[in-house]
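Each chain, letter by letter, is given below.
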Amino acid sequence: MMKIFIENPADQTLVAVEDWKKVENPQSAQLVIIQTSETTGIKIHKNQLAGRFEFKEAQEAAAGLKDFDEQGFRCPTRRECLDIYDARFQGLDEALELIGGERLDNNWIWTCEEDPDPEYSSNLAFIFNGSNGVLNYDNKYHSNSVRPVTALQFVK
């Protein structure tokens, strides 16, 4: 059960994409919500951050962006990246375009996860390509894009 919503910047309510098409200025929205289950979801910023970042800088840059309640954003987890890729084909791309955002099909983005294998390399972290859903790893000192996200809990 995956659903896509736009977060209304005026009151943080979730609005169906079809309903958001009717507002006067649809590009005023900054966030798209991917509801991944009855109780969980992902808020994804409509644009990637300007520039390219090494892994540590990417984490700091994402955390520097604040939500309406001052909650910090972050880079997505590997699991969230797979959900984001699946959501692209269930309306995420259209929702992002509606609010003037960038689709996720043009750059490698950092995740928030480092390689957990201590015997392999402490210089690797995971990256995600939204074009084809590939998760890979890269040297933490290479530069990649940042797409801020935050987790969301739905109250039943």
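Throughout this description, residue numbers start from 1 for each chain and increase along the sequence as written. Side-chain atom pairs in this predicted model are given and counted only at pLDDT of 80 or more, local residue features only at pLDDT of at least 70, and totals for whole chains, interfaces and linings cover all residues. As a rule here, side-chain values come from all non-hydrogen atoms in the structure, and water together with hydrogens is ignored.

*Asks:* What is the right way to look at the overall build of the chain in this model?
*Replies:* Numbered from the N terminus, helices here are DSSP runs of H or I no shorter than four residues, and strands are runs of E no shorter than two. Of the regular secondary structure elements, the chain holds three helices and eight strands. Across the chain, helices and strands are ordered from the amino to the carboxyl terminus as β-β-α-β-β-α-α-β-β-β-β. All radius of gyration figures rest on C-alpha atoms, and the globule criterion is 2.2 Å times the number of residues raised to 0.38. Against the globule reference of 15 Å for 156 residues, the chain gives a C-alpha radius of gyration of 15 Å, in line with a compact fold. Seen along its three principal axes, the alpha-carbon backbone of the chain occupies a region of about 50 × 30 × 30 Å.

*Asks:* Can you help me understand helix α3 (residues 78-98) in this one?
*Replies:* Within an α-helix, residues lying three or four positions from one another point in the same direction, as the helix has 3.6 residues per turn. Helix span, as expected, comes to 1.5 Å for every residue beyond the first. Between its terminal C-alpha atoms α3 stretches only 26 Å, short of the 30 Å expected from 21 residues at 1.5 Å a residue. Fitting one axis to the seven residues ending at a residue and another to the seven starting there, the bend at that residue is the angle between the two axes. The largest bend in α3 comes to about 85°, at R88. Burial here depends on accessible area, computed with a 1.4 Å probe over protein chains only, as a share of the maximum for the residue type. Under 20% is buried, over 50% is exposed, and the range in between is partly exposed. Listed as buried for α3 are E80, C81, D83, I84, A87, R88, G91, L92, D93, A95, L96 and L98. Of the residues flanking the end of α3, it is G100, one or two places downstream, whose phi is positive at about 80°.

*Asks:* Please explain the sheet that holds strand β7 (residues 134-139) as it appears in this structure.
*Replies:* For sheets, the rule is that strands pair by backbone hydrogen bonds, running either parallel or antiparallel. Here a strand pair is declared whenever DSSP counts at least two bridges between the two strands. Judged by pairing direction, the sheet is antiparallel, and its three strands sit side by side in the order β5-β6-β7 without closing on themselves. With partners counted over all chains shown, the strands left at the sheet margins are β5 (108-114) and β7, one partner each. Averaged over all pairs of adjacent strands, the angle between strand axes in this sheet comes to 40°, irrespective of strand direction. Pairing of β5 with strand β6 (residues 124-129), which is carried by four bridges, proceeds in the antiparallel orientation. In the sheet register, E114 faces β6, and the bridge partner there is A125. Any pair of residues with heavy atoms lying within 4.5 Å of one another is described as a contacting pair. For every element, the axis is a line fit to its C-alpha atoms; helices are fit only across the contacting stretch, and the angle between N-to-C directions ranges from 0 to 180 degrees. The strands touched by helix α2 (residues 55-63) are β5 and β6; relative to β5, the strand with the most contacts, the crossing angle is about 95°.

*Asks:* Help me understand the nonpolar core, please; the structure alone is not making it clear to me.
*Replies:* Grouped together as the largest cluster of nonpolar side chains are 22 residues, with contacts concentrated most on I4, I6, V32, I34, I44, I84 and L92. Sorting the residues of this core by element identifies β1 (3-7), α1 (17-20), β3 (31-35), β4 (40-45) and α3 as the ones contributing at least two each. Among the elements that take part in this core, α3 stands out by supplying seven residues, more than any other. Residues within four places of V32 in sequence aside, it is in contact with I4, F5, I6, I42, K43, I44, L92, A95, L96 and I99. Among buried residues, the Ala, Val, Leu, Ile, Met, Phe, Trp, Tyr and Cys ones that are joined through side-chain atoms within 4.5 Å form a nonpolar core. With 10 residues, the next largest nonpolar core counts L49, F55, W110 and A125 among its residues.

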